Amino acid sequence: MYRLLKIEWKKIFFHKANRIFYTLYFLMIIGIILFMPYIKPSINGENIDLIQLGLFNTPFIWNNIAYIMSFGKLLLAIIIISNVTMEFNHGTYKQNIIDGLSKKEFFFSKWLSAALLSLISALIVGIMIFIVASIYNPMAGILVNSSYIFALFIEYLGFISIALFLAFLFKRSVFAILSLFVWNILEGIIQIIEFVFRKLKVSDNNIIALSNYLPLKSNGNIINLPKFNLVQYLTEGSIFKETTVDFSYVIASFFYFIIFSFFTYLLIKKRNA
Amino acid sequence: MNIVLETENLSKNYGKIQAVKNLNLTVEKGNIYGLLGPNGSGKSTTLGMLLRVVNPSFGTWKWFNSDKHEETIKQIGAIIESPKFYPYLSANQNLKLVSDIKNTSYKNINPVLELVGLEKRKDDLFKNYSLGMKQRLAIAAAMLNNPKVLILDEPTNGLDPEGIIQIRQIIQRIAANGTTIIMASHLLDEVEKICSHVVVLNKGSVLYNGSVKEIGNEEQIIELSANDLNKLLLMVQKSNLFKEVAIQKDKLIAEIKKEISPEEINKYFFEKGIILSHLVLKKANLERQFFHLLKNTKNHV
């Protein structure tokens, strides 16, 4: 494993542009959280102070920041897709295999670096939330709802496993990224179809939409938009409602992570290099 | 055990097309093998299978009498197609990466760079290299783990004359150290100059496997010329001494049916009233043999 990571490290960090890009990526994660108190969007001419609304209050802070950071999965996916497709562009995938890296080792070198990148990203977000939370809140109960960081990690992991699969499938970054968008649209269409044919016919409101468990949908559902309550704001001074991680989506996304990792491995193994 | 490579019924189908058909091949230690064949004869597919980048449809192969391919691959250095490296890394960084892949020490990097004469340019980025330098770097990378076998696929393709000579010298230097070399090529001249053995492939089957010297021993060629070339041609065609006559510019080239000395040939034509202005007896070169082999298989089909 150490050897595989050493190989990946050389491929990525011996490249100056990559070094700059990765540094900027991590600085951006930190930067967004640090600059959030200074963002005061104006609605109807009135400046809204997100901090006063309780953006950084525990336990809502874990959900709030994790939700914003979950969009980082798109950036992660692009990093991973370009890292994999560059091997095909340069013809180095084939040469790596000829030089003695097995197909399994090649897969694991990419898979490991992608998983590690997800883990580091989620950990940085977690540490930053902890720091910010401890500034704005009393230390007691600060870790309540920190399971959102675990959820964020699974969301990253699930998403990059799909990106990894598409990158190996199409070998070209443009096709891989485009197919991710097309995939998302297709899931949207399936959701509409399900809504028309199931929900409209059955008047039961508690019916669970199965399309919520499609690969990209379940991944996106792990961390939802924080819930607001205006009445609560007027009476208690805090606009956010407490939510917890819905672990059914975490489990679904982890299941897809295993499935797509396995498919990617199978694809590499079966196909000629 | 002097057998380096043995294949048994190795086959590859691409859909309905059989790229390689039941290939049975034995390669012995310490020789330079030329893998010859026209484009599409299955050379690259064969090398691809032996280097496990192409999954064979059928058949097995053994390197060094072992079928543990993930282990034996570490004793083989290979370049197929054009040199492939990370363009944004320097030669030195690229070789470090290959060393990690091959699990060998970085200590080997400087010696192999010296072998191919790139030690002064080792810190230049790969993308700034000329094609000749790229090809030499590829050989350096293949030599990193001091392999028992070096596989090259058309190593002089696209190079200028100077580059071709450099590559050939490097190959001969490597072979002198006892490394077995398997070289695919469609340049007959190159195979004749460098290789000790030749394997001729066509349409996925082996037509010939043996030494380069022996392939030329089977027949003798004679070059003839006279003032009246047409009359000479008629005479040659009538006589039963020759077969397969062809005119090449101002010369006649014919194959001799049985052993005959130049004096006897000269005497024969003199008696028929033709004075030869040119008479050379020689062994058939590889080119002629090669086309002969290809032609024979076509007749069989």
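Residues numbered from 1 in each chain as written. Chains lettered and ligands numbered in written order. Predicted model: local features only at pLDDT ≥ 70, side-chain atom pairs only at ≥ 80, totals over all residues.

A.B. asks: Even after reading the chapter, I still don't get the overall build of chain B, so can you show me in this structure?
C.D. replies: Helix and strand content of chain B: 11 helices and 13 strands. The C-alpha extent of chain B, read off along each of the three principal axes, is 75 × 45 × 35 Å. Across chain B, the fraction of contacts at a sequence separation of at least 24, relative to all contacts at a separation of at least 6, is 69%. (Helix = DSSP H or I, 4+ residues; strand = E, 2+ residues; numbered from the N terminus. Contact = placed C-beta atoms within 7 Å.)

A.B. asks: Looking at this model, I keep getting lost on unusual backbone geometry. Mind explaining?
C.D. replies: Most peptide bonds take the trans configuration, and most residues that are not glycine carry a negative phi. Residues and elements named next belong to chain B. We note that Arg52 has phi near 55°; this positive angle belongs to a residue other than glycine. Topologically, Arg52 is positioned in the loop between helix H1 (43-50) and strand E4 (58-63). A tally of 20 C-beta atoms within 10 Å means that Arg52 is categorised as buried. Unusually for a residue other than glycine, Glu154 sits at a positive phi of about 45°. (Buried ≥ 20, exposed ≤ 12 C-beta atoms within 10 Å, placed from the backbone.)

A.B. asks: Hey, could you run me through the pairing of strand E6 (residues 149-153) of chain B in this one?
C.D. replies: Consecutive side chains along a regular strand alternate between the two faces of the sheet. Residue and element names in this part refer to chain B. With 5 of 5 residues buried, E6 lies mostly within the body of the structure. The side-chain alternation of E6 yields two buried faces, one formed by Val149, Ile151 and Asp153 and the other by Leu150 and Leu152. In this structure, strand E5 (residues 76-79) lies alongside E6, joined through 4 bridges in parallel fashion. Within the sheet, the bridge partner assigned to Ile76 lies in E6 and is Val149. (Pairing = 2+ DSSP bridges.)

A.B. asks: Would you mind going over the sheet that holds strand E3 (residues 32-36) of chain B with me for this structure?
C.D. replies: Two modes of strand pairing occur in sheets, parallel and antiparallel, and in both the strands are linked by backbone hydrogen bonds. All names here are of chain B. In space, the 6 strands of this open sheet follow the order E5-E6-E7-E3-E8-E9, with mixed pairing throughout. On the outer flanks of this sheet lie E5 and strand E9 (205-211), each paired with one strand and no other. Pairwise comparison of adjacent strand axes, ignoring direction, gives a mean angle of 15° for this sheet. (Axes fitted to C-alpha atoms, helices over the stretch in contact; angles between N-to-C directions.)

A.B. asks: Hey, could you run me through the interface of chain A and chain B in this one?
C.D. replies: In many reports, interface size means the accessible area that the parts give up when they come together. Taken together, the contact pairs 21 residues of chain A with 24 residues of chain B. Looking at the side of chain A that touches chain B, the elements with two or more residues in it are helix H1 (2-13) and helix H5 (92-99) of chain A. Here the side of chain A that touches chain B gets 7 residues from one element, more than from any other, and that element is H5 of chain A.

A.B. asks: What is the right way to look at the sheet that holds E4 of chain B in this model?
C.D. replies: All names here are of chain B. Pairing in this open sheet of 3 strands is antiparallel, and the strands run E2-E1-E4 from one edge to the other. Looking along the sheet, the strands with just one partner apiece sit at the ends: strand E2 (17-28) and E4. On average, each strand axis in the sheet is tilted by 15° relative to the strand beside it, whichever way the strands run. Inspection of the sheet shows strand E1 (residues 3-14) paired to E4 by 5 bridges, in the antiparallel sense. Its bridge partner lying in E4, Glu6 is registered against Lys62. Its contacts with the sheet place H1 against E1, E2 and E4, and it is angled at close to 65° to E2.

A.B. asks: What exactly am I supposed to notice about the packing of helix H6 (residues 103-136) of chain A against helix H7 (residues 147-170) of chain A here?
C.D. replies: When two helices pack together, their arrangement is given by the angle between the helix axes and by the axis-to-axis distance. Residue and element names in this part refer to chain A. Where H6 meets H7, the axes come as close as 9 Å, and the angle between the chain directions of the two elements is 150°. The angle between the axes of H6 and H7 places the two elements in the roughly antiparallel class. Where H6 crosses over H7, the two elements pack in a sense that is right-handed. Taken together, the residues of H7 that come into contact with H6 (itself represented by Lys110, Trp111, Ala114, Ala115, Ser118, Leu119, Ser121, Ala122, Val125 and Gly126) are Ile149, Leu152, Phe153, Tyr156, Leu157, Ile160 and Leu164. Across the contact of H6 with H7, the residue classes break down as 13 nonpolar, 3 polar and 1 charged. (Parallel < 35°, antiparallel > 145°, perpendicular 65-115°, else oblique. Left-handed = near helix turned anticlockwise from the far one by under 90°. Nonpolar A, V, L, I, M, F, W, Y, C, P; charged D, E, K, R; others polar.)

A.B. asks: Would you mind going over the confidence of the model for chain B with me for this structure?
C.D. replies: The predicted coordinates should not be examined in detail at positions where pLDDT is low. All names here are of chain B. In the predicted model, chain B carries a mean pLDDT of 85, and 96% of its residues have values of at least 70. Per-element confidence in chain B ranges from a low mean pLDDT of 68 for helix H11 (residues 286-300) to a high of 94 for helix H3 (residues 91-102). For this predicted complex, the interface score ipTM comes out at 0.85, while the overall pTM is 0.84. (pLDDT = per-residue confidence, 0-100.)

A.B. asks: When you look at the environment of Phe170 of chain A in this model, what are you seeing that I'm missing?
C.D. replies: Residues and elements named next belong to chain A. Note on placement: Phe170 falls in helix H7. A tally of 18 C-beta atoms within 10 Å means that Phe170 is categorised as partly exposed. Once the C-alpha coordinates of Phe170 and Trp9 are considered, the two residues, 161 residues apart in sequence, prove to be 24 Å apart. Among residues more than four places away in sequence, those in contact with Phe170 are Phe175, Ala176 and Ser179.

A.B. asks: So what exactly am I meant to see when it comes to helix H6 (residues 161-176) of chain B here?
C.D. replies: Residue pairs three or four apart in sequence face the same way in an α-helix, which turns once every 3.6 residues. Residue and element names in this part refer to chain B. With 16 residues, H6 should cover 22 Å at 1.5 Å per step; its first-to-last C-alpha distance of 23 Å lies within 8% of that length. When H6 is considered as a whole, its buried residues turn out to be Ile167, Ile171 and Ile174. Taken around the axis of H6, the buried residues stretch over an arc of 65°, which confines them to a single face. For H6, the exposed residues lying more than 90 degrees away from the buried face are Pro161, Glu162, Ile165, Gln169, Arg173 and Ala176. For H6, the secondary structure elements touched by its buried residues are helix H5 (131-142), E6, strand E7 (180-185) and helix H7 (188-194). Remark: Gly178 follows H6 within two positions and exhibits a positive phi of approximately 95°. (Expected span 1.5 Å × (residues − 1). Arc of directions from axis to C-beta.)

A.B. asks: Is there a simple way to think about the packing of helix H3 (residues 60-69) of chain A against H6 of chain A in this case?
C.D. replies: Residue and element names in this part refer to chain A. In the contact formed by H3 and H6, the axes pass within 10 Å of each other and the chain directions differ by 140°. When the interaxial angle is binned, H3 and H6 end up oblique. Relative to H6, the crossing made by H3 is right-handed. Residues Ile61, Trp62, Ile65, Ala66 and Met69 of H3 lie in contact with H6, whose contacting residues are Val125, Ile129, Val132 and Ala133. Tallied by class, the residues present in the contact of H3 with H6 amount to 9 nonpolar, no polar and no charged.

A.B. asks: Explanation requested: the domain arrangement of chain B in the structure shown.
C.D. replies: With domains assigned, chain B is organised as domain 1 (3-215) and domain 2 (219-283). Put simply, the middle of domain 1 of chain B and the middle of domain 2 of chain B, counted by C-alpha atoms, are 42 Å apart. (Domains from an automatic or database assignment.)

A.B. asks: So what exactly am I meant to see when it comes to helix H10 (residues 262-271) of chain B here?
C.D. replies: Burial within H10 of chain B is sparse, with just 1 of its 10 residues counted as buried. Positive phi appears at Gly273 of chain B, one or two residues downstream of H10 of chain B, with a value of about 90°.

A.B. asks: Just to check I follow, could you spell out the nonpolar core for this structure?
C.D. replies: Generally speaking, nonpolar side chains in soluble globular proteins are found buried as a group. Of all hydrophobic cores here, the largest spans 77 residues; its most connected members are Tyr33, Leu137, Ala140, Ile151, Ile181 and Met183 of chain B. No other element matches the 7 residues that H5 of chain B contributes to this core. With near-sequence residues (within four places) excluded, Ile181 of chain B lies in contact with Ile32, Tyr33, Leu150, Leu152, Ile171, Ile174 and Ala175 of chain B. Within the second largest apolar cluster, 49 residues are counted, among which are Ile65, Ala163, Phe240 and Phe260 of chain A. (Core = buried A, V, L, I, M, F, W, Y, C linked by C-beta atoms within 7 Å.)

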